[in-house]
Amino acid sequence: MLDLWHVCSPVFPWLVAHGANQSSANALFQSTPGWFSVPGGTFGASGVVSGVDACVNAQIYIDGQALSDGVLKKCYPLGSPTEKGIPTMQIYKDALNAIAANDVQAVNEISTPSYTTIKELKGAGYVTALDSSADDGNSFMKIEITLKGRQYLEQLSTSA
Amino acid sequence: MPAKPEAAVLVADLLTLLWENQLATAAALDELTLWARSQGATVVYDNVIGALETLDRNASAIADGITALRR
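A. Region of the structure containing the overall build of chain B. For chain B, the helix and strand inventory stands at two helices and zero strands. By the burial criterion, 13% of the 71 residues in chain B qualify as buried.

B. Local environment of the overall build of chain A. A tally of helices and strands in chain A yields seven helices and seven strands. In chain A, the order of α-helices and β-strands from amino to carboxyl end is α-α-α-β-β-β-β-α-α-β-α-β-β-α. Going through the 160 residues of chain A one by one, you find that 37% of them count as buried. Sequence-distant contacts in chain A: of pairs separated by 6 or more residues, those separated by 24 or more amount to 46%.

C. Representation of the packing of helix α1 (residues 5–38) of chain B against helix α2 (residues 42–70) of chain B within the structure. All names here are of chain B. Two numbers describe how α1 lies on α2: the axes approach to 9 Å, and their chain directions differ by 160°. When the axes of α1 and α2 are compared, the pair comes out roughly antiparallel. Relative to α2, the crossing made by α1 is left-handed. When its residues are assigned to classes, the contact of α1 with α2 shows 20 nonpolar, five polar and three charged.

D. Fine view of α2 of chain B. Taking 1.5 Å per residue as the helical rise, α2 of chain B with its 29 residues ought to reach 42 Å, and the 41 Å between its terminal C-alpha atoms agrees with that figure. Among the residues making up α2 of chain B, those that are buried are Leu 52, Asp 56, Ala 59, Ala 63 and Ile 66 of chain B.

E. Fine view of the confidence of the model for chain B. Taken over all residues, the pLDDT of chain B has a mean of 88, while the share at 70 or more is 94%. This complex was scored by the predictor with a pTM of 0.61 and an ipTM of 0.80.

F. Examining the interface of chain A and chain B more closely. Facing 10 residues of chain A, the contacting portion of chain B comprises 11 residues. Those elements that place two or more of their residues in the side of chain A that touches chain B are β6 (127–131) and α7 (147–159) of chain A. The element contributing the most residues to the side of chain A that touches chain B is β6 of chain A, with four residues. A class-by-class count of the residues in the side of chain A that touches chain B yields three nonpolar, three polar and four charged.

G. Structural context of the environment of Ala 98 of chain A. Residues and elements named next belong to chain A. With respect to the helices and strands, Ala 98 occurs in helix α5 (residues 89–100). Separated by 14 residues in sequence, Ala 98 and Thr 112 have C-alpha atoms that sit 10.0 Å apart. Residues in contact with Ala 98, not counting those within four places in the same chain, are Asp 103, Val 104 and Pro 113.

H. Here's a closer look at the sheet that holds β6 of chain A. All names here are of chain A. The strand order β5-β7-β6 describes an open sheet built from three strands, whose pairing is antiparallel. Edge positions in the open sheet fall to β5 (106–108) and β6, since each of these has one partner strand only. Across the sheet, the axes of successive neighbouring strands diverge by a mean angle of 35°, strand direction being ignored. Judged from the three bridges that link them, β5 and strand β7 (residues 139–145) form a sheet pairing that is antiparallel. Counterpart to Ala 106 in the pairing with β7 is Met 141. The sheet strands contacting helix α6 (residues 115–123) are β5, β6 and β7, and the helix crosses β6 at an angle near 125°.

Conventions used here
- Residues numbered from 1 in each chain as written.
- Chains lettered and ligands numbered in written order.
- Predicted model: local features only at pLDDT ≥ 70, side-chain atom pairs only at ≥ 80, totals over all residues.
- Helix = DSSP H or I, 4+ residues; strand = E, 2+ residues; numbered from the N terminus.
- Buried ≥ 20, exposed ≤ 12 C-beta atoms within 10 Å, placed from the backbone.
- Contact = placed C-beta atoms within 7 Å.
- Axes fitted to C-alpha atoms, helices over the stretch in contact; angles between N-to-C directions.
- Parallel < 35°, antiparallel > 145°, perpendicular 65-115°, else oblique.
- Left-handed = near helix turned anticlockwise from the far one by under 90°.
- Nonpolar A, V, L, I, M, F, W, Y, C, P; charged D, E, K, R; others polar.
- Expected span 1.5 Å × (residues − 1).
- pLDDT = per-residue confidence, 0-100.
- Pairing = 2+ DSSP bridges.

Listed below in structure tokens is the structure:
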């Protein structure tokens, strides 16, 4: 079933990458997708389910000022998140589990996990990887989980 | 005189090896600190976690540097 949490969940690593306190953002975001304040600023996220797409819009405010680069907009095909490819926390969890087990050496735009997923995890500091993108497409190689990633995975596992 | 492209590749290769060493060391330390915490050595755990956070931070910067050298 598609709900706001599934629509908004891709924003979470992005928020952390922009400096949100991880535990505060996690607790608030899981309870009420919407506008909330965390140490360091105010983070807003809203999900919209229209006829054909599920979209999420997020904006970061620091001291009441909207950050020009603090905007995220994503749209996905409407349908079951897992069946229709909408990233959920489970996708991040699966990716981190696979990386921790050393099952993922490289990713590209069509692999599972995808380049986009790893890029978001890398931006949040949960993994480190070498960007091997070239003319024929984007890719990462030598992907390794970080201490922060292991702690996040532990947190996801205990909250599941 | 501009550096030879081969030199940049060599530096990137060497940095990659050092980066992998750093990640392996961090992973091993992490395992040991989890064991130390389970034995009640929370001060040791906190101290090592601080060092691991530094390794994490620098690993990301080194990875970005390696990527830049390879382009």
